[in-house]
Amino acid sequence: MKDKLLLSTPVSSFVCKEPIGKDILSKCNTCFTNPCSNEGFCEPLPERQYKCRCNPGYHGKHCENMIDACYGNPCRNSGTCKLLEEGRFSCQCASGFTGDRCETNIDDCLTNKCENNSTCVDLIQAYECRCQPGYTGDYCQTKIQFCSKDFNPCHNGAKCVDHITHYACECSLGFSGDNCTINNDDCQNHMCQNGGLCVDGINDYTCKCVGEYTGKFCDISPSVALMYPQTSPCQHHECKNGICYQPNGSTNDYLCKCAPGYSGKRCEYLTSLSFVHNTSFVELEPLRTKPEANVTVVFTTTQENGILLYDGHSEHLAVELFNGRIRVSYDVGNYPVSTMYSFEMVADGKQHMVELLSIRKNFTLRVDGGVARSIINEGSRDYLRLTSPLYIGGTPPDPGAEAFNHFHLRNLTSFNGCMKELWVNHKLVDFMNAARQQKVTPGCSLLQDEEQMVEEEGVKSTGIAEQEQSSTIIDEEQMEPQEGPIEEDEDDEDEEDEDEDEDPCYNNQCHKGSKCEPKGMKEYTCKCQPGWSGKYCTQGPTCKKVQVREYYTENNCRSRKPLKMAKCEGGCGTSCCRARKTKKRKVRLICNDGTRYTKDIEIIRKCACAKKCY
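Note that the structure is a prediction, hence the values are computed from the model and not measured.

Summing up its helical and strand segments, the chain has 4 helices and 46 strands in all. Across the 614 residues that make up the chain, the buried fraction comes to 40%. At a minimum sequence separation of 6, the contacts of the chain that also span at least 24 residues come to 49%.

Below, the discussion takes up the UniProt feature "domain: EGF-like" (unreviewed entry) in the chain. Taking the UniProt record as the reference, the feature "domain: EGF-like" (unreviewed entry) is found at residues 29-64, 66-103, 105-141, 143-181, 183-219, 230-268 and 501-538. A distance of 25 Å separates the end C-alpha atoms of residues 66-103, which is 0% helix and 37% strand. This span, residues 183-219, is 0% helix and 24% strand, and a straight line between its end C-alpha atoms measures 26 Å.

On the surface, a cluster of positive charge is contributed by Arg-560, Lys-561, Lys-581, Lys-583, Arg-585, Arg-588, Arg-596 and Arg-605. Looking at the positive patch, the element that brings in the most residues is strand β45 (residues 576-591), giving 4 residues. Residue position: Arg-560 is located in the loop between β43 (557-559) and β44 (563-569).

With that settled, the discussion passes to the sheet that holds strand β26 (residues 306-312). Pairing is antiparallel across the open sheet formed by 7 strands, whose spatial order is β29-β28-β27-β26-β33-β24-β36. Looking along the sheet, the strands with just one partner apiece sit at the ends: β29 (338-341) and β36 (436-438). Between one strand axis and the next, the sheet turns through 10° on average, direction left out of account. Pairing of β26 with strand β33 (residues 390-392) involves 2 bridges; the strand directions are antiparallel. Within β33, the position partnered with Leu-309 by the bridge is Ile-392.

According to the stated counting rule, one finds 13 salt bridges in the structure shown. Note that Arg-327 and Glu-320 form a salt bridge whose closest N and O atoms lie 2.8 Å from each other. The class of Glu-320 is buried, set by a relative accessible area of 0%. Residues participating in the shared-partner salt-bridge network are Arg-360, Lys-361, Glu-378 and Asp-382.

To continue, consider the pairing of strand β28 (residues 325-331). In terms of residue burial, β28 counts as a mostly covered element, since 6 of its 7 residues are buried. Bridging between strand β27 (residues 316-322) and β28 involves 7 bridges; their strand directions are antiparallel. Paired with Leu-317 across the bridge in β28 is Tyr-330. In this antiparallel pair of consecutive strands, β27 and β28, the connection spans 2 residues, and Asn-323 shows a positive phi of 55°.

A word on the side chain of Thr-30. Relative to the helices and strands, Thr-30 is located in the loop between α1 (22-28) and β1 (41-45). Within polar-contact distance, the side chain of Thr-30 engages the backbone oxygen of Gln-49 at 3.3 Å. Contacts of Thr-30, omitting those with residues within four sequence positions, involve Pro-35, Pro-44, Arg-48, Gln-49 and Tyr-50.

Let us look at the pairing of strand β2 (residues 49-53). Bridge count between β1 and β2: 5 bridges; the pairing is antiparallel. Paired with Cys-42 across the bridge in β2 is Cys-52.

Membership of the largest hydrophobic core comes to 58 residues, with the highest contact counts inside it found for Val-282, Phe-299, Leu-317, Ile-326, Val-328, Ile-392 and Leu-422. For this core, the element with the most residues is strand β25 (residues 293-301), which contributes 4 residues. The residues contacting Ile-326, other than those within four sequence positions of it, are Phe-299, Leu-308, Val-319, Glu-320, Leu-321, Met-340, Tyr-341, Ser-342, Val-346, Val-354, Leu-365 and Val-367.

All right, on to the packing of aromatic side chains then. According to the stated counting rule, one finds 8 aromatic pairs in the structure shown. Between the aromatic rings of Phe-275 and Phe-415, the centroid separation amounts to 5.8 Å while the plane-to-plane angle is 75°, which identifies the pairing as edge-to-face. One end of the pair, Phe-275, is in strand β23 (residues 273-275); the other, Phe-415, is in the loop between α3 (397-405) and β34 (417-424), and 140 residues separate them in sequence. Phe-415 shares its class with Phe-275; the two are buried. Measuring from ring centre to ring centre gives 6.1 Å for Phe-281 and Tyr-391, while their planes differ by 80°; the resulting arrangement is edge-to-face. Of the two residues, Phe-281 sits in strand β24 (residues 281-284) while Tyr-391 sits in strand β33, which places them 110 residues apart along the sequence.

Time to look at unusual backbone geometry. Cis geometry is found at the peptide bond from Lys-290 to Pro-291, where omega equals 0°. Note on placement: Pro-291 falls in the loop between β24 and β25. Residue Tyr-335 is joined to Pro-336 through a cis peptide bond whose omega torsion reads -5°. Of note, Pro-336 is situated in the loop between β28 and β29. A positive phi angle is found at Asn-34, which is not glycine, with a value near 50°. Residue placement: Asn-34 occurs in the loop between α1 and β1. The phi dihedral of Asn-77 is positive, around 50°, even though this residue is not glycine. Within the secondary structure, Asn-77 sits in the loop between β4 (65-66) and β5 (80-85).

What counts as what
- Residues numbered from 1 in each chain as written.
- Predicted model: local features only at pLDDT ≥ 70, side-chain atom pairs only at ≥ 80, totals over all residues.
- Heavy atoms only, no water.
- Helix = DSSP H or I, 4+ residues; strand = E, 2+ residues; numbered from the N terminus.
- Buried < 20%, exposed > 50% of the residue type's maximum accessible area, 1.4 Å probe, protein only.
- Contact = heavy atoms within 4.5 Å.
- UniProt positions renumbered as here; feature names shortened; annotations may be inferred.
- Patch = residues over 30% accessible without salt bridge, like charges linked within 9 Å, V, L, I, M, F, W, Y side chains within 5 Å.
- Areas by Shrake-Rupley, 256 points an atom, 1.4 Å probe, with all protein chains shown as cover.
- Salt bridge = Lys/Arg side-chain N within 4 Å of Asp/Glu carboxyl O.
- Lys, Arg positive; Asp, Glu negative; His and termini not counted.
- Charge placed at Lys NZ, Arg CZ, Asp CG, Glu CD.
- Pairing = 2+ DSSP bridges.
- Axes fitted to C-alpha atoms, helices over the stretch in contact; angles between N-to-C directions.
- Polar contact = N/O pair within 3.5 Å; in protein donor to acceptor, adjacent residues only side chain to side chain.
- Core = buried A, V, L, I, M, F, W, Y, C linked by side-chain atoms within 4.5 Å.
- Phe/Tyr/Trp six-rings, centres within 6.5 Å; stacked < 30°, edge-to-face > 60°.

Below is the structure:
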């Protein structure tokens, strides 16, 4: 057998000289040892398996069990069935269970040690304490110190506020995010001119100028700085929050291009704000309600909940976003309070206008010029009397908590988005006069100004960073934007064979597709494209539409309410800034003698530079 392959060796070559054990024989036949009890029949199966066929009255893998009251183990949860007598049994339960069939899990929470309003969850012979937010430990006995030195999650100088169940970070200006880790991009709506590079800072930015341009916004061209250092009015301008520039042909006057959020001839008014934190708010003087109170808010947001305005104590006016709609709570002192909700949804990222009118007991709400809806706070009192500050976009902690506890407000979250305009009793609010401002930024730089994009549609881009709001030149006959540079006459072109060394236009500084025209041996002038001005054609058109809200008057007659109109302002070089597109609107006028009539007036929709002035 030595060195022989067993698989090829004949069977006759295997000779057992000693008795073969049962353990060996059972390997060839699993039923050789007859593993079935109680005279059960063993049936071999493939892969060394077998099956016992039991005689009547027996069951089990080896027919070891008699069929009695414990057949199928009626005891649950791993209980053991014990036969008592014919047809009767009892269950011996595993630890943690009780009942005739061990069906009941013993309630271990009856004597639990869970603390701080935690929930006891019964287990098997044990229990677990599920803690309320803000607590930890086996029995929820330990308060999580959110704002402790070791745990404090707030960054960049933010203030951590422990609300027991959770924490909140009140970010410093310039930062955002749950833990104030995001440095807001202040370059989103920068005013760097003439190709200047915006460098983001903390709640600010700087402009890195190219070439020889200077100034905070790279707005002072080399020609102004070198040739007119003292005579240029922009060297001593009064633009408070914007850029100074000179209209073409003007030597003693200048215009101001305002930074985001600011308006006015000298950019002296702050009229739009972004509310960037859940504790943002602005405090104004109390709302005057006699003979009426009129408030209009123009805003953009994607947040479904947030405070728009609140004023009062028990008597109050509360306006907030609730589940994407406008909610109004109005109480002049007549119980119960009057409440209404807008049908319109306004948390869609688009611009919306909400008009609020309080006249004695009556309150009217209108959204986006739609159908007005009113409520009446009926009772003995007539007027809403307010002596507390008017809060915009949110409230401080104490007045907010009081308003929430008295159900004036449904939430305490500040408005998150942009308030483009706020009109109080027909006057545009200047937030520079606010008593307090907390966590707000000028303008709408954090949001997309969709209306402005629509207004500027079809206007030719200057292609240079210095013109943030570009303008175009209008062909008066066709009223279409001019595409590309103006064609030039062939006889004005420079001769190709002219010596470059003697050509004063060689390496000229004319900009914006303007044409250099020689003037003498070593001098030249720049022939600018229409709308552009300056020695080197560096001053672009600044024509733009400026929104105004005022009464329309004529012949001792006046519109019933202020109208949202517009006017065209800015320079266009030798051209004129005027309306490019208008629409007609019917206006109801009321005269001093009591008569009324309706008139169609033109409302400016778009402005641009025009070749003809009239």
